[in-house]
Amino acid sequence: MAKHTPGPWITSLADDTTIIGASGETVAKVSGDYNDDVMWPTMEANARLIAAAPEMLELLSSLLTCYGSRHKIGYWKDTRELLAKIEGAP
């Protein structure tokens, strides 16, 4: 498994474009113009997506474990490749 900051991650209550790890550390921050009414919703959506990353990684890994051995082609192959990319494989 990849060596990343342990989840769960959440968006900060003070600034919903900052992603906070389980120990309270800043994991990531979405940059952009906070005063731009068009850009702000995209920044918030990006932060929510990043915050969900540990859960998505766990789910993908579990699905691959449960179903991937039965299906060697198609999207399971893509899932294996995606997990390898996340884990830092070339």
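Anything mentioned here points back to the structure above.
Because the structure is a prediction, the values reported are computed rather than measured.

With respect to the overall build of the protein chain
Here is step 1: Along the protein chain, the regular secondary structure elements total three helices and three strands.
Here is step 2: Secondary structure elements of the protein chain, listed N to C terminal, follow the sequence β-β-β-α-α-α.
Here is step 3: The buried share of the protein chain, reckoned over its 90 residues, is 22%.
Here is step 4: Long-range pairs, those at least 24 residues apart, make up 30% of the contacts in the protein chain between residues at least 6 apart in sequence.
Here is step 5: Accessible area of the protein chain: about 6300 Å², with a carbon and sulfur share of 60%.

Considering the pairing of strand S3 (residues 26-29)
Here is step 1: Looking at chain direction, strand S2 (residues 18-20) and S3 are connected through three bridges and run antiparallel. Residue pairing for S3: Ile19 is matched across the bridge by Ala28.
Here is step 2: In this structure, the hairpin formed by S2 and S3 is closed by a connection of five residues, where Gly24 is found at a positive phi of approximately 95°.

Regarding a nonpolar patch on the surface
Here is step 1: Among the surface-exposed residues, Leu59, Leu63 and Tyr67 lie close enough to one another that they form a single nonpolar patch of about 260 Å² accessible area.
Here is step 2: Residue placement: Leu63 occurs in helix H2 (residues 53-68).

Rules used in this analysis
Residues numbered from 1 in each chain as written. Predicted model: local features only at pLDDT ≥ 70, side-chain atom pairs only at ≥ 80, totals over all residues. Heavy atoms only, no water. Helix = DSSP H or I, 4+ residues; strand = E, 2+ residues; numbered from the N terminus. Buried < 20%, exposed > 50% of the residue type's maximum accessible area, 1.4 Å probe, protein only. Contact = heavy atoms within 4.5 Å. Areas by Shrake-Rupley, 256 points an atom, 1.4 Å probe, with all protein chains shown as cover. Pairing = 2+ DSSP bridges. Patch = residues over 30% accessible without salt bridge, like charges linked within 9 Å, V, L, I, M, F, W, Y side chains within 5 Å. Salt bridge = Lys/Arg side-chain N within 4 Å of Asp/Glu carboxyl O.

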